[in-house]
Structure formats: C-alpha cells, structure tokens
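Observations on the three-dimensional arrangement
This is what each chain is made of:
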Amino acid sequence: MSSSLKTFLQYMFILAATALLIWFSLRGLHVAEGENKWDYLKHTWDSAHKGWLLLMAVIAMASHVVRAERWRMLLTPLGESPKLSHSFFSLMVGYLVNLVIPRGGEVSRCYNLYKLDKIPVEISFGTVVLERIVDVLCLLILIAFSFILESQKLFAFIETLPIGQGDHQSKYTVLLYLLGALVVLGSAGIWFIRKNKKVNAWVMKTWHGFKDGVLSVFKLKNKGLFIFHSVLIWLLYFAMSYAVIKAFPATSELGFHAVLSLFAIGSIAMAAPLPGGTGSYHVLVPQGLVFLYAIPQSDAVAFTFIFHGWQTFIMIVAGAISLVATSFLVKRGPEPSSKQIHPVKE
C-alpha cells in the first residue's frame, strides 16, 4: 500500500469517527417540532456572550504558556535550555496531533522540540511523563475537593451511570486473557531485545534518557516555583471553565461548585465504559448538568457541544500557527547556540 493511499485512508477513518461522535452527541439534543438541531446550536452560539468566550481563549493561551514554561524548567537541569517560544510551539503542535491521534501529541511535541532545539526525544519524553504524573495528582486533589463540597450530588450522579453492570465472570475472563497476552508479548519482546545488540543499545540509551527526564524534578533548583506553575495551570483551567459557564444564559447563574463538578464529571467520562470512547464526555457532562443543576437537556447538550467545539477551534488555530512557525524556523536554520563553549587552554 502506497504511503499516500495509507494517509488518505487514515484521514477518512478519522473523519468517519469524528462524524460518528458528532452524531452520537447530537442524539441527546431535543428541539421543538419543526426546529433544526443545527439552527438550535447556532441560536445557542449567537446568544452566548462573546466577551466571556474571548476571555476563555486568552486564559487558555495563558495556561499553555505556563505549561510550556514548566516543561522548560524540567529540561534545564538536564543541560537543555530551549526557548520558551520553542517549547510553546511544540506543546501546541502536540495538542493539534492529539485531536487526530489520542495521546499521539505527547510524542509529537517531543519530536517537534527536537527539530527546533535538537533535544533528544527520549529525554524530553521523560519530562512529559513526569508532567502527566504531576497533572494526575493535581486532578485527583481537585476531584477530591469537588466531592467534599458536592458529595451527595456527585455520588447520586455516579449511581445513575452504567458502571460495573454486566456479567462479572466474562469481564474477569477477558482480563485474564489480556494479562496473559501481555505476559507473552512482553517476554517475546525482552528476548528479542537481548538477542539483538543494536536494538538493545537503542533501548538502553532510550531508557536512560527517559529515566533522566522523569527524575529531572529532583534536580530542580527552585522546586517551589515548579509547584507554583503546576497550581497556576489548574487555577487557569478553573478560570477557563468558569468563563465558559458565564458565557451562556442557561448556565450563567452557576458558580464555583458547578465548575468543580464539571471537572469531576469530565474525569468520570474518561473512565466510564460507555459507547463512543471520548464521546462519553458529550454524554456525561450534559447528563450531569441536567441531574445536578436542573439545566434543560437541550441547553445542556448545546452548551457542551459548543464548549468543546470552541475549545477545539482554539487548539486547531494555535496548533496550525505553531506548526507553520516550526516549519519556518527549521527552514531558516538553527540560531547560534546559547550554550557557551569555552576554549581549551593549551
């Protein structure tokens, strides 16, 4: 199969999957007889306060700049000093790739940074994994906080979800098969790596670079500043969600507790075994708004759909600009290295 045909089929699959998710999320949008769903979405968009939406876009960009700076901080103890603009461009390119290939952006942003600053991918990827660990901890704290404030509502909401239903025996059987397959594949992989010297050398080099990246947090000179950046990122996420809630008439009266609840529900959406994969977000968030805050179903679905669409639009624009900027910088050639090279005294 030619590379062009393979690429074409990949994009067709992506478009088909996107269309399926859109259709699935729109099923919950009930409008009056004779009214078009797209017209209803347009009406929801027209009624939104554009100032709040623009503020949300500004806050989103600010959170990405802070995240890019935090990433740069983790690379500094490893002897790397990328420009903030380069780490920002790479981060946004990663977000753009994530829209097409889930979690593919984690690797692509490291490769993009390699193109700009020649930082080994295995090192930068280790710092990305460390970032994700820190983000998970922050998210768990945020979810715990939201459950403390809204425990009765959220636990009641979870009981309405189809989690844990079904034949437990068949689930355990499938799990055992998967674990067995992983053991067999892992053993075969280890045997192959040990037998092939070139592959073994590459794996060891990658592992050491990855390990250095993950452990870079312990080499930071100012750990307090790293914690500050991590907290600031999530505060900006909160402010971003709050701005979106204020932008729509149906949700404008909701406040602090509602934003925390949406964070918790969004996390549940990623874990809940519902059809559509990531499309479960479009199902659970409206369901949560209806169940917890008595928002009309149509308004809740329209809110979620436009919120996600506006956020995706921001990602696409910023990612595309970053991709073009990266291409321009790579073609222009590397700038003189910021690392000082001291002459050898004879």
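The notes below deal with the structure included here. Worth saying up front: this structure is predicted, and the values here are computed from it rather than measured.

**A closer look at the overall build of the protein**
For the protein, the count of helices and strands is 13 helices and 0 strands. Secondary structure elements of the protein, listed N to C terminal, follow the sequence α-α-α-α-α-α-α-α-α-α-α-α-α. By residue count, 38% of the 346 residues in the protein fall in the buried class. The contacts of the protein with a sequence gap of at least 6 include a subset with a gap of at least 24, amounting to 70%. Accessible area of the protein: about 20400 Å², with a carbon and sulfur share of 70%.

**Structural notes on empty space enclosed by the protein**
Here the idea is plain: a probe the size of a water molecule rolls over the atoms and shows the empty space left. Tallied over the entire structure, the rule returns 1 cavity of 30 Å³ or more. Size it by volume and the largest cavity reaches roughly 40 Å³. Every residue along the wall of the largest cavity is listed here: L91, G94, Y95, N98, G105, E106, R109 and R132. Tallying contributions element by element places helix α4 (residues 84-98) first for the lining of the largest cavity, with 4 residues. Residue composition of the lining of the largest cavity, grouped by class: 2 nonpolar, 3 polar and 3 charged.

**Re the pattern of salt bridges**
Across all of its chains, the model carries 8 salt bridges by this definition. R109 is the partner of E131 in a salt bridge, and the nearest nitrogen-oxygen pair spans 2.8 Å. On the criterion of sequence distance, the pair formed by E131 in helix α6 (residues 121-149) and R109 in helix α5 (residues 105-117) is long-range, its members being 22 residues apart. Overall, the relative accessible area of 0% leaves E131 in the buried class. The residue D135 makes a salt bridge to R132 at a minimum N-O spacing of 3.0 Å. With D135 and R132 both in helix α6 and 3 residues apart, this pair spans about one turn of that helix. Salt bridges linked by common partners bring R67, R70, E106, R109, E131, R132 and D135 together as one network.

**What about the nonpolar core?**
Burial of nonpolar side chains together is a common tendency in soluble globular proteins. M56, F248 and L289 are the most contacted members of the largest nonpolar core, which totals 56 residues. For this core, the secondary-structure elements that each account for two or more residues are α3 (50-75), α4, α6, α10 (223-247), α11 (256-271), α12 (280-293) and α13 (297-332). Considering each element in turn, this core owes the most residues, 12 residues, to α13. In contact with L289, other than residues within four places in its own chain, are L254, L262, A294, I295, A300, F303 and T304.

**As for the environment of I316**
The residue I316 is located in helix α13 in this model. When the C-alpha atoms of I316 and V97 are compared, they prove to be 9.4 Å apart, with 219 residues separating the residues in sequence. Those residues within four positions of I316 in sequence are excluded, and the remaining contacts are L96 and L99.

**Details of the packing of aromatic side chains**
Both the distance between ring centres and the angle between the ring planes are used here to describe each pair of aromatic rings. Tallied over the entire structure, the rule returns 8 aromatic pairs. Centroid distance W234 to Y237: 5.1 Å. Interplanar angle 80°. Geometry classified as edge-to-face. You can see W234 and its partner Y237 sitting in helix α10, 3 residues apart, about one turn around the helix. Of the two residues, W234 and Y237, neither departs from the other in class, the shared state being buried. Between the aromatic rings of F238 and F256, the centroid separation amounts to 5.2 Å while the plane-to-plane angle is 55°, which identifies the pairing as tilted. Here F256 lies in helix α11 and F238 lies in helix α10, a separation of 18 residues in the sequence. The class of F256 is partly exposed, set by a relative accessible area of 40%. Members of the aromatic cluster, each reached through a chain of ring pairs, are W45, W310 and F313. The positively charged end of K50 is found above the aromatic ring belonging to W45, 5.1 Å away from the centroid. The side chain of K118 reaches across the aromatic face of Y114, ending 5.0 Å from its centre.

About the thresholds
Residues numbered from 1 in each chain as written. Predicted model: local features only at pLDDT ≥ 70, side-chain atom pairs only at ≥ 80, totals over all residues. Heavy atoms only, no water. Helix = DSSP H or I, 4+ residues; strand = E, 2+ residues; numbered from the N terminus. Buried < 20%, exposed > 50% of the residue type's maximum accessible area, 1.4 Å probe, protein only. Contact = heavy atoms within 4.5 Å. Areas by Shrake-Rupley, 256 points an atom, 1.4 Å probe, with all protein chains shown as cover. 1 Å grid on protein atoms, 1.4 Å probe; cavity = no way out; pocket = protein on both sides within 12 Å on 5 of 7 lines; lining within 4 Å. Points joined across faces, edges and corners; volume = space filled by probe spheres on them. Nonpolar A, V, L, I, M, F, W, Y, C, P; charged D, E, K, R; others polar. Salt bridge = Lys/Arg side-chain N within 4 Å of Asp/Glu carboxyl O. Core = buried A, V, L, I, M, F, W, Y, C linked by side-chain atoms within 4.5 Å. Phe/Tyr/Trp six-rings, centres within 6.5 Å; stacked < 30°, edge-to-face > 60°. Lys NZ or Arg CZ within 6 Å of the ring centre and 35° of its normal.

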